[in-house]
Structure formats: structure tokens, C-alpha cells
Amino acid sequence: MAIHYLCRHCGTQIGSLDKFSVHTEQLGLHKLSDQERQEMVSYESNGDIQITSICEDCQEALERSPALHEFDYLIH
């Protein structure tokens, strides 16, 4: 099982944890609401977990240009 973090705005792979046995509490997933968990966490058929977050580049772009929040996807 691997855990993959992807940017929800540009699709960039932020990082991965391979072959780890971790509990959701260690990842902080237990702090998410049910809606947030549905939007951010997906479970792949091979047992991998995909978590969407935000990369540093997109975070900086959104801070510089708040109007970008209107878009679902950013290209950088």
C-alpha cells in the first residue's frame, strides 16, 4: 500500500509514502469532516490511497492572485 499526495489544482505529485502501515490518525485524516474526506481522499483498487492537497506553487499563485480561486485547475 502506498499513499500518494497530489495537488488538486494542477495535478502535480507532491509526494508519496510507499509500503507504510499507518493509521488515519497519523495522517490527520480523522480531523477531516465527512465531506472533506469524500473530496480529498480516494482509495484505489490496489490498496493505495490518493490524497489531494495543494502544492507550494499553487498556494503562492492563489495568494498573489485571489481571483484564481474561481478556477478548478491551475497551470504553472
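Residues numbered from 1 in each chain as written. Predicted model: local features only at pLDDT ≥ 70, side-chain atom pairs only at ≥ 80, totals over all residues. Heavy atoms only, no water.

Enquirer: What am I meant to see in the sheet that holds strand 3 (residues 41–43) here?
Expert: Within a sheet, each strand pairs with its neighbour through backbone hydrogen bonds, oriented either parallel or antiparallel. Read from one edge to the other, the open sheet built from four strands follows the order 2-1-4-3, with strand pairing classed as mixed. The sheet is open, and its two edges are formed by strand 2 (13–18) and strand 3, each paired on a single side. When strand polarity is set aside, the average angle formed by the axes of neighbouring strands in this sheet is 15°. As defined by bridge partners, strand 1 (residues 2–7) adjoins strand 4 (residues 49–53) across five bridges and the pair is classed as parallel. Its bridge partner being in strand 4, Tyr5 is matched across the sheet by Ile51. (Pairing = 2+ DSSP bridges. Helix = DSSP H or I, 4+ residues; strand = E, 2+ residues; numbered from the N terminus. Axes fitted to C-alpha atoms, helices over the stretch in contact; angles between N-to-C directions.)

Enquirer: How should the side chain of Thr52 be read in this particular structure?
Expert: On the secondary structure map, Thr52 appears in strand 4. With relative accessibility at 17%, the residue Thr52 sits in the buried group. Here Thr52 is in contact with Leu6, Arg8, Glu39 and Met40, once residues within four sequence places are set aside. (Buried < 20%, exposed > 50% of the residue type's maximum accessible area, 1.4 Å probe, protein only. Contact = heavy atoms within 4.5 Å.)

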